[in-house]
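# Residue-level structural notes
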Amino acid sequence: MKLYIKYMVSLRCKMLVMEELKKLGLNYVFVDLGVVEIPINITLNQRTQLKKNLLKSGLELLDDKRSIIIEKIKNIIVEMIHYSDELPKVNYSDYISEKLGYDYTYLANMFSEVKGITIQQFIIIHKIERVKELLIYDELTLTEISHRLHYSSVAHLSNQFKKNTGLTPTYYKQLKNKRKRSLEDL
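### Thoughts on the overall build of the protein chain
Within the protein chain one finds nine helices and four strands. Ordered by position from N to C terminus, the α and β elements of the protein chain give β-α-β-β-α-β-α-α-α-α-α-α-α. Along the longest, intermediate and shortest principal axes, the C-alpha atoms of the protein chain span 55 × 50 × 25 Å. A total of 186 residues make up the protein chain; the buried ones form 39% of that total.

Put into structure tokens, the structure is as follows:
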């Protein structure tokens, strides 16, 4: 049996879910971003208790099909951008459609209707967040970041970054360095 959980986007969330399953005496086959597989069906009482316990930690056990699909889309994007060293070589639309086994137009329309933004906008938001992380780590050049996240050019990355943050990537990186120097002056 698979259970789908909303807002489960990190290793910490996975550990929390494993802990809650253990408390209820439920074994699991695997726990991944947004999904848990357990070898048996759970009782209504166990499901209710799990739902309550997860809500206390800001996680939500999903029941309806649309919410589950939306959460799957979000988790594919988060995993693809934040936890994968290499983004897929195919279009994101083909990748998401293939992973979920649904027509992309169907997924895109449902996502936009429920979330109020397009899948593409959601991807851009996460790519910009990833760029911020990589800039702060200061291990890659802007050209390397651009290449890693499949931007057509550094200029394209810079334009998208500025449009979303109001800052250039270079200025964003300088702010980090200024903060570091300010802390050293204390």
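### Side note on the nonpolar core
In this structure, I73, I77, I96, I119, V131 and I145 are the most contacted members of the largest nonpolar core, which totals 31 residues. Elements that contribute at least two residues to this core include exactly α3 (65–82), α4 (92–100), α5 (104–115), α6 (119–137), α7 (142–148) and α8 (154–165). In terms of residues, this core owes the most to one element, α6, which gives eight residues. Residues L26, I42, L54 and L61 belong to the second largest nonpolar core, which totals 15 residues.

### Structural notes on the packing of α3 against α6
Axes are the key here: two packed helices are described by the angle between their axes and the distance separating the axes. Where α3 meets α6, the axes come as close as 10 Å, and the angle between the chain directions of the two elements is 30°. The orientation of α3 with respect to α6, classified from their angle, is roughly parallel. Here α3 runs over α6; the crossing is right-handed. Mapping the contact onto sequence places I73, K74, I77, V78, I81 and H82 in α3 and I119, F122, I123, H126, K127, E129, R130 and E133 in α6. The residue inventory of the contact of α3 with α6, partitioned by class, reads seven nonpolar, two polar and five charged.

### Considerations on the layout of surface pockets
Approximately 390 Å³ is the volume found for the largest pocket. For the lining of the largest pocket, the leading source of residues is α3, giving six residues. Looking at the lining of the largest pocket residue by residue, the class counts come to nine nonpolar, two polar and six charged.

Cut-offs applied
Throughout, a residue's number is its position along its own chain's written sequence, starting from 1. In view of the model being predicted, local features appear only for residues whose pLDDT reaches at least 70, and side-chain atom pairs are presented and counted only at 80 or more, with totals across whole chains, interfaces and linings using the full set of residues. In computing side-chain values, all of the structure's heavy atoms are included and hydrogens and water are not. A run of DSSP states H or I qualifies as a helix once it reaches four residues; a run of E qualifies as a strand once it reaches two. Both are numbered from the N-terminal end. Between buried and exposed lies partly exposed: a residue is buried under 20% and exposed over 50% of the maximum accessible area for its type, with that area taken using a 1.4 Å probe on protein chains only. The term nonpolar core refers to a set of buried residues drawn from Ala, Val, Leu, Ile, Met, Phe, Trp, Tyr and Cys, joined through side-chain atoms within 4.5 Å. For helices, the axis comes from a line fit to the C-alpha atoms of the stretch in contact; other axes are also lines fit to C-alpha atoms, and the angle between any two N-to-C directions lies between 0 and 180 degrees. Each angle gets one of four labels, with under 35 degrees taken as roughly parallel, over 145 as roughly antiparallel, 65 to 115 as roughly perpendicular, and the rest as oblique. Handedness of a crossing is defined here by the sense of rotation of the near helix relative to the far one, left-handed for an anticlockwise turn of less than a right angle and right-handed for a clockwise turn. Pairs of residues are marked as contacts when any of their non-hydrogen atoms sit within 4.5 Å. We call Asp, Glu, Lys and Arg charged. Ala, Val, Leu, Ile, Met, Phe, Trp, Tyr, Cys and Pro are nonpolar, and the rest, Gly among them, are polar. Using protein atoms alone on a 1 Å grid, points that fit a 1.4 Å probe yet trap it form a cavity, whereas open point sets bounded by protein on both sides within 12 Å along at least five of seven lines form a pocket; residues with an atom within 4 Å of a point count as lining. Grid points are joined across faces, edges and corners, and a volume is the space filled by probe spheres set on the points.

Remember that the coordinates give geometry; whether it matters functionally is a separate question.
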